[in-house]
Amino acid sequence: MTDRCNAPIGVFDSGVGGLTVAREIMRNLPEENIVYFGDTARVPYGSKSRDTVLRYSRQIIRFLRTQEVKAIVIACNTASAYALDEVEKELDIPIIGVVKPGARVACEVTKNKKIGVIATEATIHSGIYTNFIKNQDPEIQVIGKACPLFVPLVEEGWLKDSVTFEVAGRYLRELMDQDIDTLILGCTHYPLLRSTLREVVGDKVSLVNPAYETARELKELLKEQNLTNLQDQKEARKYMFYVSDLAEKFRKFADSILPFDVNTTKQISIEEY
Ligand code: DGL
């Protein structure tokens, strides 16, 4: 039992964006070890088909199993939308995605029952946020909008640039016209645009970052399944980072997001899994 509790949590994403989720897990579950995998060679997932994203996710899960993870978090919204239901059936360890936790909290937050969702084309196309929300409360109206330009803008570091502000204004106009009071940031990169988005939507719209709720759900899940790491934190703390392409960009991005420097990132050949 103890060995299993000390095992790491596997967290994966199509690239760097999932570090926003890993960061929340590190903050909320400081006792846990993490193996992070970013599929930097095959990013973006947001414009790929369900079959491709499912195949990639299965490969990554096979790799994470070699690291003897005790649980898996799909930090990527697109992979959560396209792969979670399938891979969950194939696994004997707990696995969660970011979509359900985000949808749940948005339902709690909305007052006028009008929720906007911004995400990749794939996530919006899957209809997954709408389905979860409607399952919770069929009266809630969900307005989805794919915002494909946000990912490259974030990766370029243009978080508060006038161009980003202009793009955000155009994407969000439709949602604002429909009077949403809650906006789900349904893509790993979008929480980094929080202050620009806040400026565009104003103070009356609640911004929901699914990463917070995912970390909370993970904590509960580990507790329920007696998987919480009880080892002394200082000794136990260990984060490993793996990527499928050793782009310098990953380290730079990671250093800007995480509260410590990521000195070692290992490249693996994910197609072999
Ligand atoms: N990680 C993806 C997501 O949350 C965004 C980047 C991509 O398209 O791969 O949907």
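Below, the structure is looked at part by part. The numbers attached to residues start from 1 for each chain and follow its sequence in the written order. Restriction of local features to residues with pLDDT of at least 70 applies here, the model being predicted, together with a cutoff of 80 or more for giving and counting side-chain atom pairs; totals for whole chains, interfaces and linings are based on all residues. Hydrogens and waters are ignored; side-chain quantities use all the structure's heavy atoms.

Brief notes about the pairing of strand β7 (residues 182-186)
Of all 5 residues in β7, 5 are buried, a share of seventy percent or more. For every residue, the accessible area (1.4 Å probe, protein chains only) is compared with the maximum for its type, and the residue is labelled buried under 20%, exposed over 50%, or partly exposed between those bounds. The numbering of helices and of strands both runs from the N terminus, where a helix is a DSSP run of H or I of at least 4 residues and a strand a run of E of at least 2. Of the two faces of β7, both are covered, the one formed by T182, I184 and G186 as well as the one formed by L183 and L185. In this sheet, β7 lies alongside strand β5 (residues 114-119) in parallel orientation, the contact comprising 5 bridges. Following the sheet pairing, A119 is matched in β7 by G186. Pairing between two strands is assigned when DSSP locates at least 2 bridges connecting them. The pairing of β7 with strand β8 (residues 206-208) spans 3 bridges and is parallel. Each residue of the ladder has a partner; that of I184, found in β8, is V208.

Quick word on helix α4 (residues 77-90)
Across its 14 residues, α4 extends 20 Å between first and last C-alpha, which sits within 8% of the 20 Å expected from 1.5 Å per residue. By definition, a residue's bend is the angle between the axes fitted to the seven residues ending there and the seven starting there. The largest bend in α4 amounts to roughly 60° and is located at A83. By the burial criterion, the buried members of α4 are N77, T78, A79, S80, A81, Y82, A83, L84 and V87. A helix is expected to span 1.5 Å multiplied by its residue count minus one.

Some details on empty space enclosed by the protein
Within this scheme a cavity is a closed region of a 1 Å grid, computed over the protein atoms alone, that accommodates a 1.4 Å probe without allowing it to escape, whereas a pocket is open but has protein on both sides within 12 Å along at least five of seven lines; lining residues each have an atom within 4 Å of a point. Grid points are joined across faces, edges and corners, and a volume is the space filled by probe spheres set on the points. Scanning the model with the defined rule gives 1 cavity of 30 Å³ or more in all. Around the largest cavity, the lining residues are T20, V21, A75, N77, V98, L185, C187, T188, P191, N209, P210 and A211. Looking at the lining of the largest cavity, the elements that each hand over two or more residues are α2 (19-28) and α11 (210-224). Its residues placed into classes, the lining of the largest cavity shows 8 nonpolar, 4 polar and no charged. Residues are grouped as follows: Ala, Val, Leu, Ile, Met, Phe, Trp, Tyr, Cys and Pro are nonpolar; Asp, Glu, Lys and Arg are charged; all remaining types, including Gly, are polar.

Examining the packing of aromatic side chains
Pairs of aromatic rings are described using the distance from one ring centre to the other and the angle between the two planes. Classification of ring pairs uses Phe, Tyr and Trp, with its six-membered ring standing for Trp, and accepts pairs whose centres are within 6.5 Å; under 30 degrees between planes counts as stacked, over 60 as edge-to-face, and the remaining range as tilted. Evaluation of the coordinates by the stated rule reveals 11 aromatic pairs. Taking 5.8 Å as the distance between ring centres and 55° as the angle between the ring planes, the aromatic pair formed by F37 and F63 counts as tilted. Of this pair, F37 sits in strand β2 (residues 34-38) while F63 sits in helix α3 (residues 50-66); the two residues are 26 residues apart in sequence, bridging distant segments of the chain. Across the pair, exposure class does not vary: F37 and F63 are buried alike. Between the aromatic rings of F63 and Y242, the centroid separation amounts to 5.0 Å while the plane-to-plane angle is 70°, which identifies the pairing as edge-to-face. A residue pair is termed long-range when its members are at least 10 positions apart, and F63 in helix α3 and Y242 in strand β9 (residues 239-243) qualify at 179 residues. Both residues of the pair, F63 and Y242, belong to the buried class. Pairwise contacts between aromatic rings join Y36, Y239, F241, F250 and F260 into one cluster.

From the geometry alone we can't say anything about function, so treat these as descriptive.
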